[in-house]
Number of protein chains: 2
Amino acid sequence: MAKRRKVANLLALAVLSAVTTRPMHPYEMAATLRGWNKERDMEIKWGSLYTVVRNLAKHELIEEVESTRHGRRPERTVYRITEAGRQELVDWTRELLSVPHTEFPRFRAGLSVMAALDPDEVIGLLENRLAALDEEIATLGERHAREIAEIPRLFLIETEYDLAILRAEATWVRALLGELTEGTFPGLREWRAFHETGEIPDNLRELAEKDITDV
Amino acid sequence: MAKRRKVANLLALAVLSAVTTRPMHPYEMAATLRGWNKERDMEIKWGSLYTVVRNLAKHELIEEVESTRHGRRPERTVYRITEAGRQELVDWTRELLSVPHTEFPRFRAGLSVMAALDPDEVIGLLENRLAALDEEIATLGERHAREIAEIPRLFLIETEYDLAILRAEATWVRALLGELTEGTFPGLREWRAFHETGEIPDNLRELAEKDITDV
DNA sequence: TCACGTTTATTCGTACGCGAATATACGCGA
DNA sequence: TCGCGTATATTCGCGTACGAATAAACGTGA
């Protein structure tokens, strides 16, 4: 499914959704998206805005309406969405909702090299993480409670998703921490020994060389 | 906390962890990382390998050991990790484990523009997603069960994390789907009406213009 | 009213990420 | 032993994302 988009940057999706409401010039798009708090939903780099807008126009997903100049200010080009653009917005949204895309959170990368640290240090680090997670969950939860009074749930749904995932991560970290502090994590002894003596256990050495043919 | 890394690409972290075991030349690093299934843990683009290695060397996190040539083959440069490199690996791992980094999964972006689609279509899309999620959870679960027999849990911990998050997402999607199919999702009527008539309800129009001053 | 910070609005330069190309060597079947 | 597919190993060129620079206009407090 997940096809190649003519303009791949997600900021383009946001721009399309903004110009759906009415024609705008780039800075107005930025203001609109900021007003909608779109920065909470995706990684937006405002430096990419004009590039993205130009690319959208190049591929005729939006088109120029007029170009005016006020006083000595730089020229402002107003764009409107095209039929193809409307189609792209809908099609892209469909894809994002229906096709799970394998993501690589940085925490996952960290976990994958966790063995590089002493287990006792890992305990401390995970405790820090957990505290930060709990705090973020609290903050987000309060904000959501505040906003749900004014904004239809349809437009806060991403926050609810976010909260669910954050809670799941906190739960998982808490469980792992439990195993580590209580010493029930299998292989904990060898892991600790490795960091005390600096010696790699035989079974691990074997593993490290797995699948590596002599080059 | 999260400071600027001299080499920011996560592939650099993987390279550092590879050359920790013994000095290697780039292609050997690739083979090692592939043997460790590092591609499951982070987005790895092999086209970036030589750039990353060069940058690591430039910043003296790894250093050249020897440069040999076999027959007419291109020259092979063997690198070893430096003390600074070892430090970077440890420090980076610490950061990844302890500091939660706000991520922007694509699904979140999709949810944030969900209103662009008809609710009845959304139901179908989410059902697709759920099916795919369930299947992936099953596959991952089986693989984990198979591998835990041979590999210490310490090196499968990312998979367990992955499973936990996938399960949480599946649960959340299932719940949302329930509300949509049973019609208990608040504002569902307005959402549907908007897509039938194409008319934006007054309270939404107001919202859409929120925070946008006349430009 | 004038100095100065903020908002409005866009352009520019470049680092670097990465797809694709390149080129040799090796294994193995016919 | 010859041909061909695959593995070995690295270089190159292009696009684009994005930080930083630019600059006018506006608001406001003294």
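Along every chain, residues carry numbers that run from 1 in the direction the sequence is written. Numbering of ligands from 1 and lettering of chains from A proceed in the order in which they are written. Per-residue local features of the predicted model are confined to residues with pLDDT of at least 70, and side-chain atom pairs are confined, for both listing and counting, to 80 or more; whole-chain, interface and lining totals are unaffected and use all residues.

1. Focus: the overall build of chain A
Then comes step 1: Looking only at helices and strands, chain A has nine helices and two strands in total.
Then comes step 2: Put simply, DSSP marks the helices as runs of H or I at least four residues long and the strands as runs of E at least two long, and each gets a number from the N terminus on. When the helices and strands of chain A are read in sequence order from the N terminus, they spell out α-α-α-β-β-α-α-α-α-α-α.
Then comes step 3: Residues are treated as contacting if the C-beta atoms built from their backbones sit within 7 Å of each other. Across chain A, every contact between residues at least 6 apart in sequence was considered, and the portion connecting residues at least 24 apart equals 62%.

2. Examining the interface of chain A and chain B
Then comes step 1: Between chain A and chain B, the residue contacts involve 67 residues of the former and 67 residues of the latter.
Then comes step 2: At nine residues, helix α7 (residues 157–181) of chain A tops the list of elements feeding residues into the side of chain A that touches chain B.
Then comes step 3: By residue class, the composition of the side of chain A that touches chain B is 41 nonpolar, eleven polar and 15 charged. Here the term charged refers only to Asp, Glu, Lys and Arg, the term nonpolar to Ala, Val, Leu, Ile, Met, Phe, Trp, Tyr, Cys and Pro, and the term polar to all other amino acids, Gly among them.

3. Concerning helix α6 (residues 119–147) of chain B
Then comes step 1: With 29 residues, α6 of chain B extends 41 Å from end C-alpha to end C-alpha; this agrees with the ideal 42 Å at 1.5 Å per step.
Then comes step 2: The burial criterion counts other C-beta atoms lying within 10 Å of a residue's C-beta, which is placed from the backbone; the residue is buried at 20 or more, exposed at 12 or fewer, and partly exposed between these limits. Taken residue by residue, α6 of chain B has V122, L126 and R129 of chain B as its buried positions.
Then comes step 3: Considering only its buried residues, α6 of chain B is in contact with α4 (83–98) of chain A together with α7 (157–181) of chain B. Expected span, for any helix, means 1.5 Å times one less than how many residues it has.

4. Describing the packing of helix α1 (residues 11–19) of chain B against helix α3 (residues 49–58) of chain B
Angle between the axes and distance between the axes are the two parameters that describe a pair of packed helices.
Residues and elements named next belong to chain B.
Then comes step 1: Axis geometry follows a simple rule: fit a line to the C-alpha atoms, using only the stretch in contact for helices, then measure angles between N-to-C directions, giving values from 0 to 180 degrees. Packing of α1 against α3 brings their axes to within 10 Å, and their N-to-C directions diverge by 70°. By the angle between their axes, α1 is roughly perpendicular relative to α3. Here the hand of the crossing between α1 and α3 comes out right-handed. Contacts between α1 and α3 involve L11, A12 and V15 from the former and L49, V52, V53 and L56 from the latter.
Then comes step 2: Its residues assigned to classes, the contact of α1 with α3 shows seven nonpolar, no polar and no charged. In this scheme, roughly parallel covers angles under 35 degrees and roughly antiparallel covers those over 145, while 65 to 115 is roughly perpendicular and the rest are oblique. Handedness of a crossing follows from how the near helix is turned relative to the far one, being left-handed for an anticlockwise turn of less than a right angle and right-handed for a clockwise one.

5. Let's talk about the domain arrangement of chain A
Then comes step 1: Annotation of chain A at the domain level lists domain 1 (11–98) and domain 2 (106–208).
Then comes step 2: Between domain 1 of chain A and domain 2 of chain A, the C-alpha centre-to-centre distance is 37 Å. Where each domain begins and ends follows an automated or database-derived domain assignment.

6. Examining the relation of the copies chain A and chain B
Then comes step 1: Take chain A, turn it by 180°, move it 0.0 Å along the axis, and it overlays chain B with an RMSD of 0.0 Å. Viewed as a symmetry operation, the transformation between the two copies matches a two-fold axis.
Then comes step 2: Interface overlap between copies: 100% of the residues of chain A at the interface are likewise at the interface in chain B, consistent with a symmetric, same-surface contact. Here the copies were fitted onto each other by least squares, based on C-alpha atoms from residues at pLDDT of at least 70 in both.

7. Re the environment of R143 of chain B
Then comes step 1: Take R143 of chain B: it is sitting in helix α6.
Then comes step 2: Taking the C-alpha atoms as reference points, R143 of chain B and T159 of chain B, 16 residues apart in sequence, are found 9.4 Å from one another.

8. Concerning the environment of L176 of chain A
Then comes step 1: One can find L176 of chain A in helix α7.
Then comes step 2: Residues L176 of chain A and L126 of chain A, spaced 50 residues apart in sequence, show a C-alpha to C-alpha distance of 8.9 Å.

9. Description of the environment of R54 of chain B
Residues and elements named next belong to chain B.
Then comes step 1: By the element assignment, R54 lies in helix α3.
Then comes step 2: You can call R54 partly exposed: it has 14 C-beta atoms within 10 Å.
Then comes step 3: Residues R54 and P26 lie 28 residues apart in sequence; the distance between their C-alpha atoms is 9.8 Å.

10. Focus on α1 of chain B
Then comes step 1: Of all nine residues in α1 of chain B, nine are buried; the element is thus mostly enclosed.
Then comes step 2: Regarding α1 of chain B, the residues found buried are L11, A12, L13, A14, V15, L16, S17, A18 and V19 of chain B.
Then comes step 3: On its buried face, α1 of chain B sits against α5 (106–112) of chain A together with α2 (26–35), α3, β1 (62–68), β2 (76–81) and α4 (83–98) of chain B.

11. Describing the packing of helix α1 (residues 11–21) of chain A against helix α2 (residues 26–35) of chain A
Residues and elements named next belong to chain A.
Then comes step 1: The N-to-C vectors of α1 and α2 enclose an angle of 95°; their axes lie 10 Å apart at closest approach. Compared by their axis directions, α1 and α2 come out roughly perpendicular. Contacts between α1 and α2 involve A14, V15, A18 and V19 on the former and, on the latter, M29, T32 and L33.
Then comes step 2: Within the contact of α1 with α2, the residues separate by chemical class into six nonpolar, one polar and no charged.

12. Focus: unusual backbone geometry
All names here are of chain B.
Then comes step 1: Unusually for a residue other than glycine, N37 sits at a positive phi of about 55°.
Then comes step 2: Along the polypeptide, N37 turns up in the loop between α2 and α3.
Then comes step 3: Owing to 15 C-beta atoms within 10 Å, N37 belongs among the partly exposed residues under this scheme.
Then comes step 4: Located in the positive-phi region is E60, a residue other than glycine, with phi close to 60°.

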